[in-house]
Amino acid sequence: MGLKRVMAMQTLYEAPRPAAKPGETVVTSTCGHNCGGRCVVNAHVIDGKIHKISTDSRRWNPDHPPLPACARGVGQIERIYHPDRLKYPMRRTGPRGSGQYERISWDEALDEVASQLLRVREKYGNGAILDGSRSGNLSMLHSRSAAKRFLHMFGGCTDLWSNMSCEAEIFSVRNTFGTDIPYKAAGREPTDYENSKLILMWGWSPSDGTFGTGTPQFLKHAKEKGVRIVSVDARRTRSSKQLAEEHIFIRPSTDAAALISMAYVIVSEGLHDQAYCDRYVQGFDDSTLPEGAPQGGSYKSYLLGETDGVPKTPEWAAEITGIPADTLRRLAIEFGSTKPAALQCGYAPGRTTHGEQFHRAAYALAAITGNVGVVGGNSGCSNGATGRMGIGGLPAGPNPIDSKVSAPELADMLAQGKNGGYPADIKLIYSCGGNLFNQAPNTSKMANNLDGVEFIVGQDHFLTPTTRYADIILPATTFWERNDVHVPWAGAQHYAIYMKQAIEPMYECRNDLDIFADLALRVGINGYNNHTEDEWLRDFTKNAVDDFDAFKEQGVARFPKPEDAVAFAKQIRDPDNHKFATPSGKIEIYSTTMAENPDPFGLGAMPAIPKWLPPIDLKTDPDAHFPLALCSSKSRARTHSIHANQEKLGRVDPDDVWINADDAAARGIDNGQKVRVFNSRGATYLPAHVTDDIAPGVVSIKEGSWYTPDEDGIDTEGCANILSADRSSPGGATTYNTNFVDVAPA
């Protein structure tokens, strides 16, 4: 493994791969999917074919950690040579969803796609075209941006605007800490974990859903340094088992109530940092409310019940959350009296009907205890503090039309269109690297409401549940068959990886960028792509990489560490010269923006301060009578729905439904028994995993398994979204973890 250091910028170029054997070439890249890690994968190539994948095998150390891949990275070899790879363009010959296609030429396929795009634009307008592309391909050049760039240059499209993973956090960061910082830069570096005295992992399991390459190792290092780690989750996860000294079970969708009750205890016991709140926080108490705010509208007044007559005590929260009052009180006192303490929150508790309240309550708890912006503390975000180190990506340009829909509402938009108040009736869907018919909620509703969609393009590697409904299928290359650059999630160290092409494009597969360039010529778009791969990548990296040739040859560029490992350190250290980018210049527990516009998206009003709001209306919700709360968790064998067709990789984390032993006994269910999980939207079959590692009254299914209905429309492969509602939170978030089901022997 070689390295080259450039002293001027303290940038280290390194080749984290073994030396090639005779007749072999070893090429470094990284998985180009929507994974929280960005790890080294090395292709060992002989005679133009990858025969093995290795990874960074150096010993871990906190000062210069390696970038080792998980099973998904090493399992890429099964994916690239999978017998079901799409090999050539195809045209649908049977009913949608039948999988019946005929082979056609690239010219035939692109001519038809171009003709349909022009026809739909002429007849219905650009709003009738939906960008169904998502994150199956992620990197700086070959990504969803290629589709967005094309569709925007074509005159625009309807866009699914909200982030399906973490829109609640995005919304909450903007309204609490300001609009000038990306949500992925609002937390802290994993190098700072060891500086905490207490870490609460709240709905956060980096050993399952990766939050940065090496994050579990940094947590393990912190634990070895004496940091106490507590996990709060509906499931006892791998992270909890490996790292936590204590696990606290909680009912899904009730996390905000637990955090609010902890804040009540901290305030009641005088454990809050009043001086910190006075200087840095708006709306903790009435004295820091902005002009025009209602008297008694502060967070403290809400906690103490001064406005609604309901003190938010641990006893109050115990009834909601299932956490014993004594446990909540003890945890609150420990968090309030331990300095510094860090609240590390995952995305899962925000994927609920009022997910914004969870994130805002977490940020409020971190703020009132004086833990935001200090070494060893944290803002309440799960992500890091740095961002992309100035590396750019393919410019998509602005969407010329304002036609946007919250992503969770896709199924309902397809069902109702303009009659349901949506901005368009969708007539054409272009899906590049997307699997929305599997990953958006209420799968069967989407599949049953495609009659009005006149044309669907599927551009992908496999016949996924989405491409199976396409009229034309275009086979795309994988990341092994092209050059690119990729960067880690924020806070997951500071580096970039050059994704060097390992093999020539297989079969008749083509790069997404080249496909869109040919389409652009056919529909009269000029200037779509006037650069080579190398020219694009040199331009994207010019502000971060000072020796592109060394970067390209070595594979990894390590950048200098930032001045601060914790977000908002400058605002706390020097508040006179560094304000928060909020209207008040402070951390806004009371949001000025939300007070002025409580319903910014037309999806429901939200309070100016974090509040507990019940997840469903027990009188009107069609699933209120189903007794078990459903979580859709991450699979270690998949990146969302990618890899779902890999049999060998699937053995790493088999699909099943977790059910508490008491709930299983009440239903006559044995461990390993095939069961039916169902609600008013649909049903799926899975083997039962009977365990005490999940809270009573809760079941869990790993998200991403491919929707495979039988003749009765019942899913046979454990697709979690057959059971999820197509509803949005008021801030635009998905609500995957506010769903209710029952389970019965199959």
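Data block above holds the structure.
Note that residues are indexed from 1 along each chain, following the sequence as it is written. Local features in a predicted model are, by the rule used here, given only for residues with pLDDT of at least 70; side-chain atom pairs are given and counted only at 80 or more, and totals for whole chains, interfaces and linings are based on all residues. Note: side-chain values were computed over all heavy atoms of the structure, leaving out hydrogens and water.

Caption draft 1: Up close: the pairing of strand S14 (residues 341-345). Buried residues dominate S14, accounting for five of its five residues. Only protein chains enter the accessibility calculation, which uses a 1.4 Å probe. A residue is then buried if its area is under 20% of the maximum for its type, exposed if over 50%, and partly exposed in between. What counts as a helix is a DSSP run of H or I of at least four residues, what counts as a strand is a run of E of at least two, and both are numbered from the N terminus. Side chains Ala341, Leu343 and Cys345 of S14 all project onto a buried face; the interleaved residues Ala342 and Gln344 project onto the opposite face, where all are buried too. Where strand S10 (residues 198-202) lies against S14, five bridges are found, and the strand directions are parallel. From the neighbouring strand, Met201 faces S14, where its bridge partner is Gln344. In short, DSSP must find at least two bridges between two strands for them to pair.

Caption draft 2: Local environment of unusual backbone geometry. For the peptide bond that leads from Lys339 to Pro340, omega is -10 degrees, which places it in the cis range. Position of Pro340 among the secondary structure elements: in the loop between helix H12 (325-337) and S14. Backbone geometry places Phe568, a non-glycine residue, at a positive phi of 70 degrees. Here Phe568 is to be found in the loop between strand S21 (556-558) and helix H20 (569-573).

Caption draft 3: Summary view of the nonpolar core. What we call a nonpolar core is a set of buried Ala, Val, Leu, Ile, Met, Phe, Trp, Tyr and Cys residues that are connected through their side-chain atoms within 4.5 Å. Counting 84 residues, the largest nonpolar core has Trp202 and Tyr299 as the members making the most contacts within it. Ranked by the residues each element gives to this core, the list is headed by helix H8 (residues 255-268), at 11 residues.

Caption draft 4: Structural view of the packing of aromatic side chains. In this scheme Phe, Tyr and Trp rings, the latter by its six-membered ring, pair at centre separations within 6.5 Å, and the angle between planes marks the pair as stacked below 30 degrees, edge-to-face above 60, and tilted otherwise. Scanning all chains against the criterion turns up 26 aromatic pairs. Between Phe177 and Tyr363 the ring centres are 5.1 Å apart and the planes differ by 45 degrees, which places this aromatic pair in the tilted class. You can see Phe177 sitting in the loop between helix H5 (167-176) and S10 and its partner Tyr363 sitting in helix H13 (residues 355-368), a full 186 residues away along the chain. Judged by centre distance (6.4 Å) and plane angle (85 degrees), the ring pair of Tyr193 and Trp204 falls under edge-to-face. Within this pair, whereas Tyr193 is found in the loop between H5 and S10, its partner Trp204 is found in the loop between S10 and helix H6 (215-224), the two being separated by 11 residues in sequence. A relative accessible area of 1% places Trp204 in the buried class. One aromatic cluster is present, built from ring pairs that chain together Phe150, Phe154, Tyr430, Phe516 and Tyr528.

Caption draft 5: Molecular detail of the sheet that holds strand S17 (residues 455-460). One open sheet accounts for six strands, arranged S7-S6-S18-S17-S16-S8; its pairing is mixed. Since the sheet does not close on itself, it has two edges, and those belong to strand S7 (101-103) and strand S8 (129-131), each with one partner. When strand polarity is set aside, the average angle formed by the axes of neighbouring strands in this sheet is 20 degrees. Summarising the sheet, S8 and strand S16 (residues 428-432) pair through three bridges and their orientation is parallel. In the strand pairing of S16, Ile129 is matched with Leu428. On the sheet, helix H4 (residues 144-153) packs against S8 and S16 and is oriented at approximately 155 degrees with respect to S8. Only C-alpha atoms enter the line fits that serve as axes; for helices the fit covers just the stretch in contact. Angles between N-to-C directions range over 0 to 180 degrees. Here, residues are in contact when the closest pair of their heavy atoms is within 4.5 Å.

Caption draft 6: Layout of the pattern of salt bridges. A pairing counts as a salt bridge when a side-chain nitrogen of Lys or Arg comes within 4 Å of a carboxyl oxygen of Asp or Glu. One pass over the full model with this rule turns up 45 salt bridges. Linking Glu14 and Arg58 is a salt bridge whose minimum nitrogen-to-oxygen distance equals 3.2 Å. With Glu14 in strand S2 (residues 11-15) and Arg58 in the loop between strand S5 (49-55) and helix H1 (71-74), this pair connects stretches of sequence that are 44 residues apart. In this structure, the salt-bridge partner of Asp326 is Arg329, at a minimum N-O distance of 3.9 Å. Taken as a pair, Asp326 and Arg329 lie in helix H12 at a separation of three residues, close to a single helical turn. You can call Asp326 exposed: its relative accessible area is 59%. Among the charged side chains, a network of salt bridges with common partners joins Asp208, Arg636, Asp653, Asp656 and Lys702.

Caption draft 7: Seen up close, the sheet that holds strand S12 (residues 246-248). Within the open sheet, the four strands sit side by side as S12-S11-S10-S14. Their pairing is parallel. Taken across any chain shown, the strands that pair with only one partner, and hence form the sheet edges, are S12 and S14. The average undirected angle you get between the axes of adjacent strands in this sheet is 20 degrees. Where S10 meets strand S11 (residues 228-232), five bridges bridge the pair, whose relative direction is parallel. Across the sheet, residue Ile199 finds its bridge partner in S11, namely Ile229. In the packing of H8 onto the sheet, contacts are made with S10 and S14, and the angle to S10 comes to roughly 155 degrees.

That's the geometry; what it means functionally is another story.
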